[in-house]
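Here is what each chain is made of, one letter per residue.
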Amino acid sequence: MHKHHRALGLATAPTGSRGAAAIAMLRPVQPVTLLRPHAARRAARYFVEKFPGRSLYAVKANPSPDLLRILWEAGVTHYDVASIGEVRLVHATLPDAVLCFMHPVKAEEAIAEAYFEHGVKTFSLDTLDELEKIVRATSTDGVAASDLNLLVRIRVSSDHAKLSLASKFGADPRDVASLLMAARQAADALGICFHVGSQAMTPAAFAEAMTRVRQSIVEAAVTVDIVDVGGGFPSSYPGMEPPPLDTYFAVIHQAFESLPISYSAELWCEPGRALCAEYASVLVRVEKRRGDELYINDGAYGALFDAAHIGWRYPVRLIRDEDSHVRSMPFSFYGPTCDDLDQMAGPFELPGDVGVGDYIEIGMLGAYGCAMRTQFNGFGVVDSVIVDDEPMASLYGASAPARTNVVKL
Ligand SMILES: *Cc1c(COP(=O)(O)O)cnc(C)c1O
């Protein structure tokens with residue numbers, strides 16, 4: 001981290017409590033990622049303490065090693081990884097973490113490396129071909145591994161989610177029973193997993209998926225040891241304010257308790273977004289204004305991919321020494337690259353007098369924002385600093401637990 005801070009001259013900034021406003025006062029030329037470890041810690045503690053089972057962090061939402069260490073220290077011991085790159089990264093960063101390779105379509109070489117070099121025992125699959133691949137890749141001298149946890153991914157509806165994950169993965173309902181029976185033969189522990197889609201706006205999404213889990217178990221008549229409800233737990237964005245997370249947990253717990261499974265069966269979940277959305281925001285500068293369009297120094301090839309490509313809305317606020325008293329109006333953003341596609345429709349509500357040289361904080365970019373940055377067109381080199389003010393929205397209560405104001409840079 002330290003090498004990034006020098007460029008900003010942050011060493012000379014006042015110590016003590018530090019928020020977005022203090023960073024804007026330094027008038028950074030590049031966008032700055034504002035990191036809130038306390039918010040990630042709070043989210044992790046919430047899942048560790050309140051989810052009625054085990055919470056795996058879905059690494060693709062934000063693979064930052066700093067974040068991985070924060071989650072680990074807050075009690076997250078299991079990690080959902082989807083590529084050999086994520087396997088290597090998490091194993092190197094957190095050597096004692098339990099890794100679960102939950103991409104249902106993997107290279108055979110990746111499975112073998114994960115199993116033999118990184119101790120990965122847990123794999124998901126949605127076809128017989130993948131099952132055979134896993135068995136082959138983890139065998140030694142023709143003898144099949146006896147310590148595999150195999151989770152069959154079933155297809156469920158994405159109707160309640162803002163981002164569908166229903167078409168790409170998941171076994172067809174007609175194939176699930178035979179797949180479960182075949183996987184049972186190869187597995188030490190057998191599981192069923194699914195993903196209701198990202199940003200599921202109602203707990204009913206999980207209740208409906210659990211109905212499918214029940215049908216599959218009954219039809220296959222196999223003993224199931226793990227039920228993994230996947231990710232999809234929401235965060236809070238403008239126009240997308242979900243019900244409290246504990247209502248999701250209650251619905252999942254109730255559905256799990258009524259499944260025909262053994263008393264010792266485990267319940268897992270794989271939150272990505274919900275654990276890290278509040279972890280980061282980005283401080284950008286306005287370089288040009290044209291009517292209700294603001295040209296800012298981050299965009300579609302930076303942390304705003306989802307804002308550009310799927311019209312995701314993020315909270316924004318103008319950061320000035322003195323608050324503007326001009327009435328708010330809707331703006332759209334252009335990013336810094338020369339590409340027309342580098343445009344974020346919003347609408348983003350900001351005071352009507354916002355203009356060149358102003359700083360804007362764009363919130364809730366810790367999940368799928370910072371992780372998707374590119375260096376296209378020479379942009380994307382971003383400073384990051386740790387701040388201790390509150391994220392622009394939170395699902396974990398405004399009454400933050402007591403914490404120290406001392407920020408180490
Ligand atoms: C992306 C993904 C997740 C995390 O999803 P969120 O919507 O961010 O919670 C969990 N599990 C799997 C298999 C995924 O692909």
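Parameters at a glance
- Residues numbered from 1 in each chain as written.
- Predicted model: local features only at pLDDT ≥ 70, side-chain atom pairs only at ≥ 80, totals over all residues.
- Heavy atoms only, no water.
- Salt bridge = Lys/Arg side-chain N within 4 Å of Asp/Glu carboxyl O.
- Helix = DSSP H or I, 4+ residues; strand = E, 2+ residues; numbered from the N terminus.
- Buried < 20%, exposed > 50% of the residue type's maximum accessible area, 1.4 Å probe, protein only.
- Contact = heavy atoms within 4.5 Å.
- Near = heavy atom within 4 Å.
- Polar contact = N/O pair within 3.5 Å; in protein donor to acceptor, adjacent residues only side chain to side chain.
- Areas by Shrake-Rupley, 256 points an atom, 1.4 Å probe, with all protein chains shown as cover.
- Nonpolar A, V, L, I, M, F, W, Y, C, P; charged D, E, K, R; others polar.
- Core = buried A, V, L, I, M, F, W, Y, C linked by side-chain atoms within 4.5 Å.
- Domains from an automatic or database assignment.
- Arc of directions from axis to C-beta.
- Buried area = accessible area lost by both parts, 1.4 Å probe.

Let's talk about the pattern of salt bridges
Next, step 1: Scanning the entire structure with this criterion turns up 22 salt bridges.
Next, step 2: Among the salt bridges present, the one from Arg-42 reaches Glu-278, with a minimum N-O distance of 3.8 Å. With a gap of 236 residues between them, Arg-42 in helix H3 (residues 37-50) and Glu-278 in the loop between helix H11 (273-276) and strand E12 (280-290) connect regions that are remote in the sequence. Each member of the pair Arg-42 and Glu-278 is classed as buried.
Next, step 3: Residues participating in the shared-partner salt-bridge network are Arg-36, Arg-317, Glu-361 and Asp-389.

Thoughts on the environment of Gly-299
Next, step 1: Positionally, Gly-299 belongs in the loop between strand E13 (293-296) and helix H12 (305-309).
Next, step 2: It is 9.5 Å that separates the C-alpha atoms of Gly-299 and Phe-379, two residues lying 80 residues apart in sequence.
Next, step 3: Not counting chain neighbours up to four residues away, the residues in contact with Gly-299 comprise Leu-304, Phe-305, Gly-335, Pro-336, Asp-342 and Met-344.

Considering the site of the ligand
Next, step 1: Taken together, 13 residues lie around the ligand, and Lys-60, Ser-198, Glu-270, Arg-273 and Tyr-368 are the ones closest in.
Next, step 2: At 3.1 Å, a side-chain N or O of Asp-80 approaches a nitrogen atom of the ligand.
Next, step 3: Interatomic distance of 2.5 Å between a side-chain N/O atom of Glu-270 and a nitrogen atom of the ligand.
Next, step 4: Burial of the ligand by the surrounding chains reaches 90%, relative to a free accessible area of 390 Å².
Next, step 5: Broken down by class, the residue content of the shell around the ligand amounts to 3 nonpolar, 5 polar and 5 charged.

Some remarks on the environment of Ala-209
Next, step 1: Structurally, Ala-209 is set in helix H9 (residues 204-220).
Next, step 2: We classify Ala-209 as buried; its relative accessible area is 2%.
Next, step 3: Measuring from C-alpha to C-alpha, the distance between Ala-209 and Val-222 comes to 19 Å, with 13 residues separating the pair along the chain.
Next, step 4: Apart from residues no more than four positions distant in its own chain, Ala-209 is found in contact with Val-156, Phe-194 and Val-196.

Details of the nonpolar core
Nonpolar side chains in soluble globular proteins tend to end up buried together.
Next, step 1: Tyr-57, Tyr-79 and Phe-233 are the most contacted members of the largest nonpolar core, which has 112 residues in total.
Next, step 2: Residue contributions to this core peak at 7 residues, all from H9.
Next, step 3: Taken domain by domain, the makeup of this core includes at least three residues from each of domain 1 (5-36 + 277-408) and domain 2 (38-276).
Next, step 4: When sequence neighbours within four positions are dropped, the list of residues in contact with Tyr-79 reads Leu-56, Tyr-57, Val-59, Leu-68, Leu-71, Trp-72, Val-90, Leu-94, Ala-97, Val-98, Leu-99 and Cys-100.
Next, step 5: In this structure, Ile-23, Ile-319, Tyr-359 and Val-385 belong to the second largest nonpolar core, which totals 10 residues.

Examining helix H4 (residues 65-73)
Next, step 1: For H4, the complete set of buried residues consists of Leu-67, Leu-68, Ile-70 and Leu-71. Along the axis of H4, the buried residues cluster in a sector spanning 160°; they form a single face.
Next, step 2: Those residues of H4 that are buried lie in contact with H3, strand E2 (54-58), strand E3 (78-81), helix H5 (84-93) and H11.
Next, step 3: Following H4 by one or two positions, Gly-75 adopts a phi angle in the positive range, close to 110°.

Comments concerning the domain arrangement of the protein chain
Next, step 1: Here the protein chain is partitioned into domain 1 (5-36 + 277-408) and domain 2 (38-276).
Next, step 2: Between domain 1 and domain 2, the C-alpha centre-to-centre distance is 32 Å.
Next, step 3: At the junction of the two partners, domain 1 supplies 28 residues and domain 2 supplies 31 residues.
Next, step 4: Across the interface of domain 1 and domain 2, roughly 2400 Å² is buried in total on both sides, 63% from carbon and sulfur atoms.
Next, step 5: Between the two partners, domain 1 and domain 2, sit 2 salt bridges.
Next, step 6: Salt-bridge contacts for Glu-390 lead to Arg-42; the nearest nitrogen and oxygen are separated by 2.9 Å.
Next, step 7: Applying the counting criterion to the domain 1 and domain 2 interface returns 13 residue pairs in polar contact (both at pLDDT 80 or more).

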